[in-house]
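Architecture at a glance
Take a look at the letters that make up each chain.
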Amino acid sequence: MHEFTITKLILSIVLQKAQEVKARKITKVDLQIGRLTGYVPECIQLQFDVLSHDTAAAGANLSFHQPPVKLHCRYCNRDYTSDSFDLTCPECHTLEIDILSGSELYVESMEAE
Ligand SMILES: [Zn+2]
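Below is a summary of the structure that appears in this document.

Rules behind the numbers
Residues numbered from 1 in each chain as written. Predicted model: local features only at pLDDT ≥ 70, side-chain atom pairs only at ≥ 80, totals over all residues. Heavy atoms only, no water. Pairing = 2+ DSSP bridges. Helix = DSSP H or I, 4+ residues; strand = E, 2+ residues; numbered from the N terminus. Axes fitted to C-alpha atoms, helices over the stretch in contact; angles between N-to-C directions. Core = buried A, V, L, I, M, F, W, Y, C linked by side-chain atoms within 4.5 Å. Buried < 20%, exposed > 50% of the residue type's maximum accessible area, 1.4 Å probe, protein only. Contact = heavy atoms within 4.5 Å. Salt bridge = Lys/Arg side-chain N within 4 Å of Asp/Glu carboxyl O.

1. Considerations on the sheet that holds strand β4 (residues 79–82)
In space, the three strands of this open sheet follow the order β4-β3-β5, with antiparallel pairing throughout. Strands at the two margins of the open sheet, each flanked by one partner only, are β4 and β5 (97–101). Strand-to-strand twist of the sheet, defined as the mean angle between neighbouring strand axes without regard to direction, takes the value 35°. Of the pairings in the sheet, the one linking strand β3 (residues 69–73) to β4 comprises four bridges and is antiparallel in character. In the sheet register, V69 faces β4, and the bridge partner there is S82.

2. Observations concerning the nonpolar core
Formed by 15 residues in total, the largest nonpolar core has its most connected members in I26 and F48. In terms of nonpolar packing, the next biggest core, distinct from the first, is built from seven residues, V69, L71, L87 and C89 among them.

3. Observations concerning the sheet that holds strand β2 (residues 61–65)
By way of backbone hydrogen bonds, the strands of a sheet pair with one another, either parallel or antiparallel. What the three strands build is an open sheet, ordered β2-β1-β6; its pairing is mixed. Edge strands, defined here as strands with exactly one partner in the open sheet, are β2 and β6 (105–112). Across the sheet, the mean angle separating the axes of adjacent strands is 20° when strand polarity is ignored. Sheet strands in contact with helix α1 (residues 3–20) are β1 (26–33) and β6, and its direction is about 40° off that of β6. Strand contacts of helix α2 (residues 41–51): β1 and β2, with the helix running at about 160° to β2, the strand carrying the most contacts.

4. Thoughts on α2
For α2, the complete set of buried residues consists of P41, I44, Q45, Q47 and F48. Against α1, β1 and β2 lie the buried residues of α2.

5. As for the pattern of salt bridges
Inspection of the entire model under this criterion finds four salt bridges. With a closest N to O distance of 3.2 Å, E20 and K17 form a salt bridge. A residue pair is termed a helical-turn pair when its members lie 3 or 4 positions apart in one helix, as E20 and K17 do in helix α1 at three residues. Take K17: its relative accessible area is 41%, and that puts it in the partly exposed class.

The following block contains the structure:
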């Protein structure tokens, strides 16, 4: 249930934005959620539906985008992507790595009326 806190944060961001542009209803929210954050999109949507009840964001459709996981090996200086939970360098198999992308989490855009 650790999606609760982050969903509350997402909701407060979009509600504030809606207030700024004087929108009455938020219809869609685009989110970038890197796989490495460990957040489950379905859980965020579920929490969002509950939390947004009686707000301008009620019924908003959340759209999740997962940027590719890009990593950099400090050992052999190689950049690579990972599609699995194995993040080790395919070349030298160390975990001496930097995460270039895949751990982002932010509201990319939203539609309101
Ligand atoms: Zn390497």
